[in-house]
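If you want the building blocks of each chain, they are given just below.
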Amino acid sequence: MTAAVQRQDPPRAADLRLVPAAATTWTATAVGLHSTPGVMAVAGCLLAVLAVLVFRSRRPWTAGLAVALAFAGAASLGMAARVAGRDSSPLARLAATQVSATVALTITDDPRRLTGGFDGVTRVLVAATATAVDSPGGRWRVDDDVVVLADAESWSGLLPGQRLSATGQLLPARGGDLAAAAFAARGPPDLIGSPPPLQLAAGSLRAGLVEAAGVLPEGPRGLLPGLVVGDTSTMDPVLVEQFRETGLSHLVAVSGANCAIVVGAVIWLFRWLGLPRVPLALAAGLALAGFVVLARPSPSVLRAATMGAIALIALASGRAKAAIPALAATVLLLVVFVPELAWSPGFALSVLATAGILALAPGLTRRMRARQVPAGVAEALAVSISACATTAPLIAAMSSSVSLVSVPANVLAAPAVPPATVLGVLATLISPVSDTAAQGLVWLAGLPTRWLVLVAEHGSQVPDATVAWPGGAVGGGLFAMLLVAVVAAAARWPALRPLGLAAACGLALVGLPVRVLGDGWPPPAWLFVACDVGQGDALVVNAGPQTALVIDAGPDPAAVDSCLRDLGVRRVPLLVLTHMHADHVDGLDGVLRGRSVGVIEVGARPDDESAWFGVRDAAARADVPIETARVGQVRSVAGVGVEVLAPARASSGTRSDANNSSVVLMVSSAGVRMLCTGDIEVDAQRALVRADLELSADVLKVAHHGSAYQDIAFLDAVDARVAVISVGSDNDYGHPSPGLIAELERLGMRVLRTDTDGAVALGADVDGRLWVAVRARGSPGDS
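Rules and cut-offs
- Residues numbered from 1 in each chain as written.
- Predicted model: local features only at pLDDT ≥ 70, side-chain atom pairs only at ≥ 80, totals over all residues.
- Heavy atoms only, no water.
- Helix = DSSP H or I, 4+ residues; strand = E, 2+ residues; numbered from the N terminus.
- Pairing = 2+ DSSP bridges.
- Salt bridge = Lys/Arg side-chain N within 4 Å of Asp/Glu carboxyl O.
- Buried < 20%, exposed > 50% of the residue type's maximum accessible area, 1.4 Å probe, protein only.
- Contact = heavy atoms within 4.5 Å.
- Core = buried A, V, L, I, M, F, W, Y, C linked by side-chain atoms within 4.5 Å.
- Axes fitted to C-alpha atoms, helices over the stretch in contact; angles between N-to-C directions.
- Parallel < 35°, antiparallel > 145°, perpendicular 65-115°, else oblique.
- Disulfide = S-S within 2.5 Å.

Caption draft 1: The environment of S233, seen in detail. Tracing the backbone through its elements, the reader meets S233 in the loop between helix 7 (218-229) and helix 8 (237-245). Sequence separation between S233 and R113 is 120 residues, and the spatial gap between their C-alpha atoms is 7.9 Å.

What follows is the structure, given as structure tokens:
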């Protein structure tokens, strides 16, 4: 790192011509991905003509602008050709008709697991290249990018380079990239041959690291492969969210920093051994190539390797004045030859972080050193501040939030990353030879990895660790303008710096505690809370201090964990999973993580759904017993009454047997009755009415996220005062049904929805009057 703080001469103007060229070309390519070929071609020709006119003016400032315009014109013309080829492909025409077809594919990247769902099936997204398509209208040879949606059970283990054939339905691509079609695969693929040897070797080494990491506790166990090779497949979803909240997500995405750490360790070792410069450069190059193979040579990894090589060479040689033009040249080449990267958030974050470190960190370090800040602390602060400042506007635009703890979290995390990465790489390389040696190295790597887990866990628990901010281009632009204004004001008027520091300290010491104390969530004496977990269900019933019953876990472990943390829940004596659909059970790990759970109760025949196996394994890992809910069963848990009303047996022959087999509960607390209905539909609702049960309740948890499949007689029998619909915004199913909402209001129920109201809390005052409090995303409110 010491090379990063050496005094640098500014780059020459001729070198910096590449910077506007890279920026303009990037912009032209990103816009081109969302334009028609004709528009791009015309724009490219106009840019080329404009470049010639600007260059012929022969003014001193025009050379760089001419280069930028020329590159942007070339990029636009190239994109026009590629988009025209995509749109004219037989695959795109077939996808427009949504025809069933058999497609020959070559996998290009690791399958990416999706969370949530409505039918209990976990799916993956797979990037692939289609080489042939066979449909009822004929057979075509093609060479087009395709996005595959497939069953995780049979597609998860595929390696890049694997050729296969699959049957399914072609669908139109969403746009914004060069994919000609989407492909919904039916059933497992038919494999053709084996993946390339390099991919097999990389897959074996990565699997060896995951296996060796089994000696670590749950958090570090999944984090270490993410740190070393970007494999987050076994990472705790709650920890993933905590890394996002604290601005540490970049640590588990293969980036230039990973490459720089690995190659830097090799350079340091061979310099210590006295190796001459040429063999040293060769060894560093081999280490970089080996890491690329290990982390899989996908475009994102190649981009990271290029960025890391540039930063490492520039900083280690002390010639950082050439680093920014070299970075710009790399951006030019990558965007022109791999245009999809122009629309990749990972690519943008990597470029911005690298540029920020190269441009800002040396100056910040010198200024801090001049004020007697220790060398190591100054460098760590400078690098973290520079990377956070340059990436913060883009992160704000993407996530509609701003992390207030990212800089301190990154400073605390920085010392742990290099030893964890180097030891993890060594464990990966030794795993085929000796399991014991690999586990020993993993145990050592687990020490700094545990520290990273602690930083993320405690950082995410800071009140208002992230604050809401407008998303999209407008929000990102506003945040960038705010940063520029603050920096410019501090540079122009130094007297404002102590005032700004005092204001920040006052906000932290006074404003933040006031906001936390005045947050009002959870409201006092709350009885029930419907968590805002998106398209799914997660209900919480107050059972005393730090104790609650939980009914369903939602689709996302991070979301339900966040809800339970906000409510202060540490003990869950009873967890009921109404049925085995992903939007009710995929968040189970979030309930189990860090909490004492007494028993998990499930409905009839849970093993009919594939999600059951994940539930069973998660319960076994947490040592929590599983029981079956029995109709007529009445229990009292910490003063909360729970009666099982249905099902007497699993449904068969209905529109959705799984939904109609949901466990139905009547929950009573402090004189307030809440009917929890899972996802039951018309058949099950009519069966409850025919059973002549006491269905009247104060609160109705509306079944199946407010779908249209409701029985009016059932709703009338419940006769609730409040109806709560747990539903995700902008979902694909049309939930909740406008007709249902109108019917609920006609029956005199007040309707509350988590997609518009946020989390919903209910309680009763001393006179038994029901009250409601809602907490929209980011700001509570009462009513």
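Caption draft 2: Region of interest: the pairing of strand 1 (residues 100-107). Inspection of the sheet shows strand 1 paired to strand 5 (residues 163-172) by seven bridges, in the antiparallel sense. Looking at strand 5, one finds that L105 is bridged to L164. Bridge count for strand 1 against strand 3 (residues 123-135) is six bridges, and the pairing is antiparallel. Residue T102 lies in a different strand from strand 3, and its bridge partner there is D134.

Caption draft 3: The arrangement of the pattern of salt bridges in detail. Taken as a whole, this structure holds 17 salt bridges when the rule is applied. A salt bridge links E743 to R746; its shortest N-O distance comes to 2.3 Å. With E743 and R746 both in helix 27 (residues 738-746) and three residues apart, this pair spans about one turn of that helix. With relative accessibility at 17%, the residue E743 sits in the buried group. When its relative accessible area of 55% is taken as the criterion, R746 is described as exposed. Through salt bridges with shared partners, a single network forms among D236, E457 and R593.

Caption draft 4: Structural detail: the environment of V631. By secondary structure assignment, the location of V631 is in the loop between strand 14 (626-628) and strand 15 (634-637). A residue is classified by how much of its surface remains accessible, and V631, at 43% relative accessible area, is partly exposed. Between the alpha carbons of V631 and V644 there is a distance of 5.1 Å; along the sequence they are 13 residues apart. Ignoring any residue separated from it by four or fewer positions in sequence, one finds V631 in contact with V644, L645, A646, P647 and A648.

Caption draft 5: Focus on the nonpolar core. V529, V540, L567, L575, L577, M580 and I600 are the most contacted members of the largest nonpolar core, which totals 36 residues. Those elements that place two or more of their residues in this core are strand 11 (548-551), helix 20 (557-566), strand 12 (571-577), helix 22 (588-592), strand 13 (596-602), helix 23 (611-622) and strand 22 (759-764). Ranked by the residues each element gives to this core, the list is headed by helix 23, at five residues. Setting aside anything within four residues of it in sequence, one finds V529 in contact with W521, A538, L539, V540, C563, L567, V760 and A761.

Caption draft 6: Inspection of the packing of helix 7 against helix 17 (residues 435-460) at higher detail. Between helix 7 and helix 17, whose axes approach to 9 Å, the crossing angle comes to 100°. Of the possible angle classes, the one that applies to helix 7 and helix 17 is roughly perpendicular. Contacts between helix 7 and helix 17 involve G219, P220, L223, L224 and L227 on the former and, on the latter, V442, A445, T449, R450, L452 and V453.

Caption draft 7: Here's a closer look at the state of the cysteines. Within the structure shown, the criterion is met by one disulfide. With its sulfur 2.0 Å from that of its partner, C531 forms a disulfide with C563. As the torsion about the S-S bond is roughly -70°, the C531-C563 disulfide counts as left-handed. Of this pair, C531 sits in the loop between strand 9 (528-530) and strand 10 (539-542) while C563 sits in helix 20, and the two are 32 residues apart along the sequence. The burial state of C531 is the same as that of C563; both residues are buried.

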